[in-house]
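A structural walkthrough
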Amino acid sequence: MTTTNPLICKDLVFGYRTGLRPALNWQTEPGQFWAIIGDNGCGKTTLFRTILGQLSPLSGRVIIDGSRAYVAQLGELAATMPARVTDVVAIGLEHGLSGLKPFYALRNRRCIQSALEKFDLLGMKKRQFSELSQGEKQRVQLAQATVRDISLLMLDEATSGMDPRHAAESFRILSELVQTKSLCVAAISHSMAFHHDYITHVLAFTDDGFLMGPRDEILSQIR
Amino acid sequence: MEKIELFFENWEFFREAALSGAISGALLGALGIYILLGRIVFLSAALAQTSSVGVALAIWLTALLGFSHENTPFLLDPVIFSMIFTIGILALISKGLRHTKSPDAALAALYLCGAAGTILIGTQIIHEIQDIQQLLTGNAVLVEHSDFMLLIIISILILGLFGYAHRGFEASTFWPDNSRVAGFPVTAFNLIKYAAIAIAIAITTRMMGALPVFALTCLPAMAVRKAPNLRTMFYLAMIVGSFVGFAGYVIAFAADFPVGPTQAITALICVLLSLTISGIIGLIQKLRSKIRPESIAS
């Protein structure tokens, strides 16, 4: 799925009562892998919640072109529901009025199979989701988010519980999707150790605002 | 055994009441998985009490306005009035419940208002006091034919909807944020879900009473908690609920027990049985893995 600009933030001021930062003007393109970096409490998650419509912007606009998916910390209800890994991945197919269909089409079953394969989950597809480790659950969530064609994927600490091998592998798969399917990924992360090589751009929250641009350029300015 | 034979010999007489128990059990058992896993158990208890007040209010208003049992207006029919009353109260408090940090406290207040309100209104309608007692303890012996037919229609509609659109209810209940982001109509599905729960509770409370309704919304779902996924759990809870509703009625007849508490205890026995069976299965699996660790690992 190719769109012109998967995400545009125009003069966006976000926060709960007062703006956390100066207005943000941010434009993404297909095939970009953004790392969102900054100290704890600087407003990264608040920005995501505003972009995703969970919080109203204080001013400015968010324009999302195409379909999107979000991977955040797992909710309490989702973590304990009785569901096999394959059932959880299938939830990612729901959009629009798809939930009114009782069965998954063959095409959808293939998508589920392919997502399970990609994230090395085939061996555990019949296991109960609630019995998995945190890292395994996060891999399932990534498979869920990418099970259908999307243009924008937003990740909030989506690999924090994974072991280094699976974290690096997950970013490699996402990077592959960025290149082959022109997906745009925006990932909040405290550690860039596992995905440094895969990211193409950085949006950094600094003391007086934002720095954004190609990875090496921004990282050299921060250092 | 003699009494059970007597029950089936007089099946014509008990048919609608016993089947009401089975149908109500199936309906509440299936919806119960969203109540139990969605952690809104207290909501179902509060709604059952609220619909008790609705029924008591309808009976009181009918007497106050001078209508006889035969010429009661449609809107003052206890089931219809209770359904509208319960949905109205749920609509009134739903916004507050979403925004308050302690919804349990608000639900506790609603539960107590319901229980106390039913007793208070009951004292004003002495000649219908038996009806009110039945509401509180759950002792449905006879069910009116019109209520029975309404229960069948409502059950087919609600179970049909939840069975057909189970993917939507699953996504909106357990993955609301992700689904909302993906453009899925989470709010619409949640509204339908809560309305269905309120309608089911209102209609079954009039027939069975608050106690068995509360029991059937929680216990069958608890008994099938080990199901591999929600869809299986939905159908299993429906079967267990149906069994509990019917068997509870028959056992109550055979042992001269009140129906509602018997249905609640039957449901509880199902939960205990299920826990015992899953405990035994767990133990067998543990023993197997100790005996043949390599085959389990592979």
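Residues numbered from 1 in each chain as written. Chains lettered and ligands numbered in written order. Predicted model: local features only at pLDDT ≥ 70, side-chain atom pairs only at ≥ 80, totals over all residues. Heavy atoms only, no water.

1. Details of the interface of chain A and chain B
Quick reminder of the rule: Here a residue-residue contact requires only that any non-hydrogen atoms of the pair lie within 4.5 Å. Note on definitions: buried area is the accessible-area loss of two parts on being combined, 1.4 Å probe, summed for both. Every case where a carboxyl oxygen of Asp or Glu lies within 4 Å of a side-chain nitrogen of Lys or Arg is listed as a salt bridge. N or O atoms within 3.5 Å of each other form a polar contact, as long as, within protein, one can give a hydrogen and the other can take it, and as long as residues adjacent in sequence are counted only when both atoms are side-chain atoms. For the purposes of this entry, the term helix denotes a DSSP run of H or I that reaches at least four residues, the term strand denotes a run of E that reaches at least two, and both are numbered from the N terminus. Here the term charged refers only to Asp, Glu, Lys and Arg, the term nonpolar to Ala, Val, Leu, Ile, Met, Phe, Trp, Tyr, Cys and Pro, and the term polar to all other amino acids, Gly among them.
Listed as interface residues are 33 residues of chain A and, on the opposing side, 28 residues of chain B. Together, the buried faces of chain A and chain B total about 2700 Å²; carbon and sulfur atoms form 56% of this surface. On the chain A side of the contact with chain B, L77, P82 and P102 of chain A bury the most area, a combined 23% of that side's loss. A salt bridge links E94 of chain A to R167 of chain B; the nearest nitrogen and oxygen atoms lie 2.8 Å apart. Run the count over chain A and chain B and you get eight residue pairs in polar contact (both at pLDDT 80 or more). Elements that contribute at least two residues to the side of chain A that touches chain B include exactly strand 5 (68-71), helix 2 (76-80), helix 3 (85-91) and helix 5 (134-145) of chain A. In terms of residue count, helix 2 of chain A provides more of the side of chain A that touches chain B than any other element does, four residues in total. Partitioned by chemical class, the residues of the side of chain A that touches chain B number 17 nonpolar, nine polar and seven charged.

2. Thoughts on the sheet that holds strand 6 (residues 152-156) of chain A
Residue and element names in this part refer to chain A. For the record, the criterion: Two strands pair under a simple rule: DSSP has to find at least two bridges between them. Orientation is described by lines fitted to C-alpha atoms, with helices fitted over the stretch in contact, and by angles between N-to-C directions that extend from 0 to 180 degrees.
In space, the six strands of this open sheet follow the order 5-6-7-3-8-9, with mixed pairing throughout. For this open sheet the edge positions go to strand 5 and strand 9 (209-214), each flanked by a neighbour on one side alone. Here the average twist between neighbouring strands, direction ignored, is 15 degrees. Across four bridges, strand 3 (residues 33-37) lies against strand 7 (residues 184-188) in parallel orientation. Bridge assignment links I36 to a residue of strand 7, and that residue is I188. Sheet contacts for helix 5: strand 5 and strand 6; angle to strand 5, the most-contacted strand, approximately 170 degrees. Contacting strand 3, strand 6 and strand 7, helix 6 (residues 164-180) runs over the sheet at an angle of about 130 degrees to strand 3.

3. Thoughts on the nonpolar core
The criterion, for reference: Definition of nonpolar core: a set of buried residues of the types Ala, Val, Leu, Ile, Met, Phe, Trp, Tyr and Cys, connected through side-chain atoms within 4.5 Å. Think of it in three bands: residues with accessible area under 20% of the maximum for their type are buried, residues over 50% are exposed, and the middle band is partly exposed, with areas taken using a 1.4 Å probe on protein chains only.
Counting 119 residues, the largest nonpolar core has V89, L153, L155 and L174 of chain A as the members making the most contacts within it. No other element matches the 12 residues that helix 2 (residues 11-37) of chain B contributes to this core. Listed in part, the 24 residues of the second largest apolar core include L12, I36, I188 and F205 of chain A.

4. As for the sheet that holds strand 1 (residues 7-13) of chain A
Residue and element names in this part refer to chain A. Taken in spatial order, the three strands line up as 2-1-4 in an open sheet, and their pairing is antiparallel. Sheet topology places strand 2 (24-27) and strand 4 (59-64) at the edges, where each strand pairs with a single neighbour. Direction aside, neighbouring strands of the sheet carry axes that sit 5 degrees apart on average. Examined bridge by bridge, strand 1 and strand 4 share five bridges and lie antiparallel to one another. Each residue of the ladder has a partner; that of L7, found in strand 4, is I64. Across the sheet, helix 1 (residues 44-51) touches strand 1, strand 2 and strand 4, and the angle it forms with strand 1 is around 115 degrees.

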